[in-house]
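Architecture at a glance
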Amino acid sequence: MQDMPAQSPSRPPAERWMKVCPEGLYVEPGGFYVDPLRPVERAVVTHGHSDHARPGHAHVLATAGTLAIMRQRLGEGAGAATQSLDYGEAIRIGDVTVRLVPAGHVLGSAQVVLEHAGTRVVVSGDYKRRFDRTCASFEPVPCDVFITEATFGLPVFRHPPDLGEIDKLLHSLSLFPERSHVVGAYALGKCQRVISLLRAAGYDRPIYLHGALEPICKLYEGFGVPLGELRPATVAAKEELKGALVLAPPGAVADRWARRLTDPVVAMASGWMRVRQRARQRGVELPLVISDHADWDELVQTLDEVAAPEVWVTHGREEALVHHATQRGIRARALALVGFEEEGA
Amino acid sequence: MRNFSALIDGLVFMPARNGKIRLLADFFATTPDPDRGWALAALTESLVFHEAKPAAIRQLVATRVDPELFALSYDYVGDLAETVALIWPERPERANSLPPSMTEVVETLRAAKRGQVMGLVEGWLDTLDSSGRFALLKLITGSLRVGVSARLAKTALAEWGKVDLGDLEECWHGLTPPYADLFAWLEGKSDRPAAGKGAGFRPLMLSHPLEEEDMAGLDPADYAAEWKWDGIRVQLAARGGERRIYSRTGDDVSGAFPDIADHMTFDAVLDGELLVARDEGDIAPFNDLQQRLNRKTVTAAMLKEFPAWVRLYDILFDGEEDLRSLPFTERRARLERWHDAARPRRMDLSPLVPFEGWEALKGLREGSRENSIEGLMLKRKDSVYVAGRPKGPWFKWKRGALTLDTVLMYAQRGHGKRSSYYSDFTFGVWRGEELVPVGKAYFGFTDAELVELDRWVRNRTTRRYGPVREVEPGLVLEVAFDSVHPSNRHKSGLAMRFPRVHRIRWDKPAVEADRLETLQAMVVG
């Protein structure tokens, strides 16, 4: 926890210097955007998911982890000039002090702490509050304005404990030892988290990966995240995959790709799996409610901890969180930011 | 509730029929009496709790959750029981109290006085986890909607207990929840429960469609022919003062047809076709009968405008005497004798059609253009009356346009005057365990039927793909078409020419719809 900035009677309200533009959220006195949707001169990027880290910016500021992910996924498009910033380190851009603070979402993910003229604004990016061995844990930063995501901003979204969900998967593996278990998981973050949770639960057999998941797993290991023995599912013999655990991108599990597996149990690791109809829509037999986003209780808890008198809600189900914050006496409004996806939540 | 809620969760996510049967069988094997019996009652919709209405549940949740947040959540989730199950605020201090068993829930609710029910429900919701809350709410509101019909539940019981489904159906109507005697039988601990002297349902004997190549191997002298009437197959059971009219699946439809039940003053079990006939035996088109279907009760105006009639095919019981093991010709003679003596009103006999050889019969079949005739039935003269659909003894031989019993799979909204209705229907047939789409139909139903179809689609939607809704495989559409050709455009490899909805078979279970092989066999050239 950190101290609030000194109160200044003449400080300008944040909406005077933080603007929603077609390119994204613009920090005027610093001349940069946070997670811009279109190529810009200066970008601060919260994390490596493709809807936040887009290609073609001239200057990119992010954590080393995020920059590595961007380079791997975007190549040249990761930014003409990049600059890494450690968690907690402050940098001055124009008339704004910028710090990156862990958001607990995926490797390298950060909240952006902005201070200008005595006002502190925190842009949460995507975040979660659960312990995750694959990335640094979220740190609440008290602020004047908290700009929060709301992917799971409805009180029906309460993620159960992760290990309970992993137990469901392990139980199914023991119940159907002859069936491959294919788990749909987003390539960046979810995949490595699921593997890490499996290892923590004592599962030490090789885990098979769809080709699209391998590069990011290697990258995570390079950042010191142990994932145990991983093998490619693409060339693995059909016989070897019987009773094996296979991870694949969500789109591949119900696709032709999965036909190489023997009578697979289709699982999906996502916060959306909490709602039965959503799980059924994806043809999922074994829904695993494992999310890299805050659930409703955690969104609400975080509002309490950052104690911001003003909250802007970006993407997700804004209405309910705005309603809740307003009931608590917080000035809250929905920011009309577009372009963020729900995939992989 | 734990076993039951795990079962409900499993069924919700299990798409395959055989997978559902496995889950059910496993549940019956591992759940003790009487919990499993109450669960069976819930699955077969034999449990009703009158006070636990959706409105009362909404009121209850409003005492615990901000109404605005609830409304937003309900709008997102779309299902009341699921929304409440997910949103219910758990009380940590209650987390250690023991959740109720299935039996405790059922017995307590049954004994509860008016006004106590929602208080009990509130207490249980506090002790259950989200799956348990979902199962409880589905249970008390009386409609599980987990893709399991009563028939499927019974099929699973029969497979698990290694008994004949027909045997199980035979005694089913004499049983009451929680079915201790049934489970004892299925576990080999006792004999089959008695079918009961009452007017219980006896499973019907069904027929196979006749293929051209079948005929070569059949001797016309072995078969009797009768018209296949275009109505609804029913069983009239009048025993020991009790009167019941059953649909082919054993649903009791007596309440909807008092004009028949009133005249069942005899003691017998009969097999026949339910029709509408204004004057004695003058059969109205199927569409008129349609007006009388899917109703729990009936108005006097309906009775007058669409009076019901039963054309009798067979007799199963004459008084106490079980005639089912007699050959068809003897049963037919008994039916005629019985009818002569009883002379029941609003009923007549379906006449036998005399014929000389298959060619002559073919001519008769094509020559008959009466609206109320669908074709011919061929029954082996020595066939005993057995449950189910044995291959060989009975054939149906439909006339005219090709028809196929298909299952409604997807629906899309129409245009113009139908713009708000789901009126474009994609239907499929069975290939192994799965349904494959074989065509689309946009017409062949009346506006009144369209309203019913639209409602059915909205209530049974399982997925949405943009404007298209996928529905439960639960409605059989009898589709008529001119011909069928090989095609690359359809997953099934076949395309129908000029398909239209010939009839909506509200009465027919989806599993009994036709198979892809049947359609393949209709390909010309």
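The rules behind the values
- Residues numbered from 1 in each chain as written.
- Chains lettered and ligands numbered in written order.
- Predicted model: local features only at pLDDT ≥ 70, side-chain atom pairs only at ≥ 80, totals over all residues.
- Helix = DSSP H or I, 4+ residues; strand = E, 2+ residues; numbered from the N terminus.
- Buried ≥ 20, exposed ≤ 12 C-beta atoms within 10 Å, placed from the backbone.
- Contact = placed C-beta atoms within 7 Å.
- Nonpolar A, V, L, I, M, F, W, Y, C, P; charged D, E, K, R; others polar.
- Pairing = 2+ DSSP bridges.
- Axes fitted to C-alpha atoms, helices over the stretch in contact; angles between N-to-C directions.
- pLDDT = per-residue confidence, 0-100.
- Core = buried A, V, L, I, M, F, W, Y, C linked by C-beta atoms within 7 Å.

On a plain count of helices and strands, chain A comes out with ten helices and 19 strands. Here chain A, with 345 residues, has 51% of them falling under the buried criterion. Long-range pairs, those at least 24 residues apart, make up 59% of the contacts in chain A with a sequence separation of at least 6.

Moving on: the interface of chain B and chain A. Facing the 19 residues of chain B at the interface are 19 residues of chain A. The element best represented in the side of chain B that touches chain A is helix α5 (residues 67-77) of chain B, accounting for six residues. Here the residues of the side of chain B that touches chain A sort into eleven nonpolar, four polar and four charged.

All names here are of chain A. Strand order in the open sheet formed by six strands is β1-β2-β3-β4-β5-β6, with mixed pairing between adjacent strands. Here the strands that pair on one side only, and so sit at the sheet edges, are β1 (18-21) and β6 (81-84). Shown here is a sheet whose adjacent strand axes are inclined to one another by a mean of 30°, direction ignored. Note that strand β5 (residues 59-62) and β6 share four bridges and pair parallel. Residue pairing across strands places His59 opposite Ala81, the latter belonging to β6.

The next subject is unusual backbone geometry. All names here are of chain B. In this chain, Asp33 is followed by Pro34 through a cis amide linkage whose omega measures -10°. Relative to the helices and strands, Pro34 is located in the loop between α2 (17-30) and α3 (35-43). Phi at Tyr179 is positive, roughly 60°, even though this residue is not glycine. Note that Tyr179 resides in the loop between α11 (165-172) and α12 (180-186). Accessibility expressed as a C-beta count within 10 Å gives 24 for Tyr179, which makes it buried. The phi angle at Arg343 is positive, at roughly 45°, despite the residue not being glycine. With respect to the helices and strands, Arg343 occurs in the loop between α17 (328-342) and β8 (347-349).

Mean pLDDT over chain A: 90, with 92% of residues reaching 70 or higher. The low-confidence segment residues 5-9 of chain A, where pLDDT is below 50, has eight contacts with residues more than four positions distant or belonging to other chains.

This part covers the nonpolar core. Within the largest apolar cluster, 213 residues are counted, with the highest numbers of intra-cluster contacts made by Cys191, Val194, Val246, Leu247 and Ala267 of chain A together with Leu136 of chain B. Per element, the largest residue contribution to this core is seven residues, and it comes from strand β6 (residues 308-318) of chain B. Formed by 32 residues, the second largest nonpolar core is a distinct cluster that contains Leu408, Phe425, Phe427 and Val484 of chain B.

Turning our eyes to something else, we now look at the sheet that holds strand β13 (residues 207-209) of chain A. All names here are of chain A. Strands sit in the order β14-β13-β15-β12-β16-β17 across an open sheet of six strands; the sheet is parallel. Looking along the sheet, the strands with just one partner apiece sit at the ends: β14 (230-232) and β17 (286-288). Across the sheet, the mean angle separating the axes of adjacent strands is 30° when strand polarity is ignored. Relative to strand β15 (residues 245-248), β13 runs parallel, the two being bridged by two bridges. Bridge pairing in β15 places Tyr208 opposite Val246.

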